[in-house]
Each structure stands twice: as structure tokens, then as C-alpha cells.
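# Commentary on secondary and tertiary structure
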Amino acid sequence: MENVYITDLYEKFHCLANQCPTSCCKGWVLPVDDETNERYEKLEGLFGRHIRFHISKIKGIRVIRRQFGRCPFLNSDKMCQFQASGHPELMPLVCRTYPRETVCFDKEARCTLVLSCPAVAKLFIENPGRRSFRLAPSKVEVFWEMNNEDDAMFAFLKEEEEKLLDFFWEKGHEMPEIWQAMYAYIYQKHDLIVRNRLEDTKEIRLSYDRKDMAEYALLKRPSYAFFKIETIDHMVLDCINYGALSIREPKFYHLIKRYLDIFGKQYLDKVDDYFDEQMRLMLEECPDAYLRYQSYFSWCMNELFFQAFENYNIIRQYLYCVLYTQLYMIFDLVDYMEKGPNRSKERLAEVLYICEQGIQHNPSLKHNLMEVIRREFL
Ligand code: SF4
């Protein structure tokens, strides 16, 4: 694939290797792709048998069988045995590419970085702002291919993503207000797309005027609680009961406990206002945090909006971006309330990758995210 666009932070990324505070070789499910598995099948002798011994299937998916929660191919220097011995082709695709995620949309591919990696989270904190993309100077391995040849939809998504992000980064309005305007705009477009009227979407205007928002204008006042805290509560409570979270992800578990301690004391009908107020107080004291949240939402849009190329569901992809941002704000606020306004950049990065790992790598929570979106907005 020639047309691969990489994020501007792509070349700044360097794996922390044995200095990594978490390591992607521990705790996570490591799927083995067909191509790498074929290489394993061809390996002869003890070496081949040793590798194949550690491959098993979970719910029909071929994975590396972990030992004491870690990859069995991690050597005593905490390095991948395959990489250290000069055989990166024996690492499964997910290990070779992580934290880069290259998605192919028929004629073009885009490579983003995943924030659950501590090195990427640090880059994000040190380089806030809107990301740009440029052609990759060398070959990049594709992680995921979307089988769609709808050129019109591709062009539509490309144009809309740019337009939405221009609107989002324009000065003069706060994020809660911007989210509402974008919601009404995207929902109107979505309704036309599902009726196969992509051409007609050009008529719809992106603005703060309620006339332009039509029946999709939200009645509630713009608030950082775009999703009700009550619905987020259900999701978080389910998550905490999932698979011994306190042992698997103790730092994320601690953030959830703090969230429950703080928000559990509020009356249900006041809790959204409470969250909004606390956010505004925090932003007054730490104005830099606003740019961080803007950057996070924008990053999510770059990662998720284009996935509508496969499912045509632009409103769902958009709502995922808002929900992820609100969840990140909640846990970051909780950490601020515990640690105060002078948190180091290292701590800000830590909270970010803890949230990403806890949310993105928790299948129970991901399922609930969809439920939250359906219940409130679809
Ligand atoms: S999580 Fe990131 S920094 Fe840590 S070992 Fe994996 S790729 Fe390297």
C-alpha cells in the first residue's frame, strides 16, 4: 500500500522497552494472525515446537498463551525474545505494529498511535494540539483492512472530518456548546446517509443556530455532562465487577473507587451539574487542561470517525469520541481532586494511559459504552 498517511508524532515514538512502566507484553490478550502462524508452522525442531506449544485458542481466536499473566517470549531483560534475536517477523502482527495502528480504507491508509502505550501518552501530553498527517516515507504494515469500495463515502468522510475539526478548533465557543452543534449536524447527515441520500447531505449547515440544528437541537443547556453521569455510573459499576479489576489493573481500580467516593455522595438530579461545576472550577485553576481535552477529542476523531467507512454510522462514531473524552475528563478530574493542581507531566500521562488501558482493553466496558450511547442518544 503506497498511500499511507502517518500522524506527525509517528517518528517521535520510541518504545521504552525494559524501562516501560506497564509493558504491552503483560496482561493483554495477544492474538496471532494467520501469516505469523504459518511461519510458526514451518519452523522445525525444538524451536518450532517450543513456539507452537505456547499458542492456543480462546473463543476461536488464536492467541499466545500467557504464563503468569505475561508473554512467555519475554526474556529476562524484559525484551521480546524474537525482537532481541533479530527475528521480528516471528512477532504476531499486533506486537510488530503496536502502538501504531494502520487502518486501510481501500485506496488509502492511515496510521495513528494508540494512547494506551505510556510512551505515546507522554508524547501526547508534551505535544498537545490538532494532529496533522503526511505520506509515510517508508513501508508501514497494515493492521486492519476495511473492505469497502465506496469512493463517494470515502470522499465524504475525508471532507467532513476536516470540516468538523476546523469547526471544533475555532475559537469563541466552549466544548459543551461545540459538541451539541456537531451532534445536531452529524445526526442530520446520518439520517440522510441511512436513506441512501449522501448527495443531499451538502444542504446541512454546521452552526450554533438552533434553526440549523432542526429537531436534533438538544434541549438541555450545554454542559460537560454531555452523557448523564447516571448512565456512566452503571457502566463504571459493571466494569469494576469485571474479572478482578483490582488485581489486574489496580491503578485504574483506584481511579474508579475515587470516582465512586466523590460522585456517589451527590443527589441523582444534581450530579450532572456537580460534574459540570467541578470541571469549570478545575479549568479555572488549570487552564492548560482545556487544550489537553480538546487535543484528546480531536485525537479520537482522527482515530474513530473514519471507521464509519465500514459501518456508515457516523453518529455512533462521533458519540464514541464524546463519550471517551467525557470519561477521560471524569478520571482526570478525580485525580486532580486527589492530587491537586500541580500534577507533573508524568502523572498526567500516567492517568491518560491508565484510562486508555482500562477502557479500551476491557471488553465488558466497551460493550457497555455502546449501551450508554444507545440508551441516551440513538
Ligand atoms: S507499552 Fe509502549 S513503551 Fe511499553 S513496551 Fe509496549 S510499545 Fe514499548
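Residues numbered from 1 in each chain as written. Predicted model: local features only at pLDDT ≥ 70, side-chain atom pairs only at ≥ 80, totals over all residues.

As a further point, take the packing of helix H11 (residues 250-263) against helix H16 (residues 345-360). Running from N to C, H11 and H16 point in directions that differ by 95 degrees, and their axes come no closer than 9 Å. As the angle between them shows, H11 and H16 are arranged roughly perpendicular. Each of Lys-251, Phe-252 and Leu-255 in H11 lies in contact with H16, whose residues at this interface are Ile-354, Gln-357 and Gly-358. Each residue belonging to the contact of H11 with H16 can be placed in one class, and the counts come to three nonpolar, two polar and one charged. (Axes fitted to C-alpha atoms, helices over the stretch in contact; angles between N-to-C directions. Helix = DSSP H or I, 4+ residues; strand = E, 2+ residues; numbered from the N terminus. Parallel < 35°, antiparallel > 145°, perpendicular 65-115°, else oblique. Contact = placed C-beta atoms within 7 Å. Nonpolar A, V, L, I, M, F, W, Y, C, P; charged D, E, K, R; others polar.)

Glancing now at the packing of helix H5 (residues 118-126) against H16. The geometry of H5 relative to H16 is characterised by a closest axis approach of 8 Å and an angle of 125 degrees between their N-to-C directions. Relative to H16, the element H5 is oriented oblique. For the pair H5 and H16, the sense of crossing is right-handed. Residues Pro-118, Ala-121, Lys-122, Phe-124, Ile-125 and Glu-126 of H5 pack against Lys-345, Leu-348, Ala-349, Leu-352 and Tyr-353 of H16. Of the residues belonging to the contact of H5 with H16, the class tally is eight nonpolar, no polar and three charged. (Left-handed = near helix turned anticlockwise from the far one by under 90°.)

Proteins that are soluble and globular tend to have nonpolar side chains buried together. Of all hydrophobic cores here, the largest spans 89 residues; its most connected members are Ala-121, Cys-321, Phe-331 and Leu-352. At 17 residues, helix H15 (residues 314-339) tops the list of elements feeding residues into this core. Structurally, this core is a two-domain feature, drawing no fewer than three residues from each of domain 1 (25-93) and domain 2 (150-378). Excluding residues that lie within four positions of it along the chain, Leu-352 makes contacts with Leu-115, Ala-121, Phe-124 and Ile-125. (Core = buried A, V, L, I, M, F, W, Y, C linked by C-beta atoms within 7 Å. Buried ≥ 20, exposed ≤ 12 C-beta atoms within 10 Å, placed from the backbone. Domains from an automatic or database assignment.)

Let us now look at unusual backbone geometry. Here the bond from Tyr-98 into Pro-99 is cis, since omega is 5 degrees, no more than 30 degrees from zero. Positive phi, close to 50 degrees, is recorded for Lys-59, a residue that is not glycine. Along the chain, Lys-59 turns up in the loop between strand S2 (55-58) and strand S3 (61-64). Here the phi dihedral of Asp-106 falls at roughly 60 degrees; this positive angle occurs in a residue that is not glycine. With respect to the secondary-structure elements, Asp-106 resides in the loop between strand S4 (100-105) and strand S5 (108-113).

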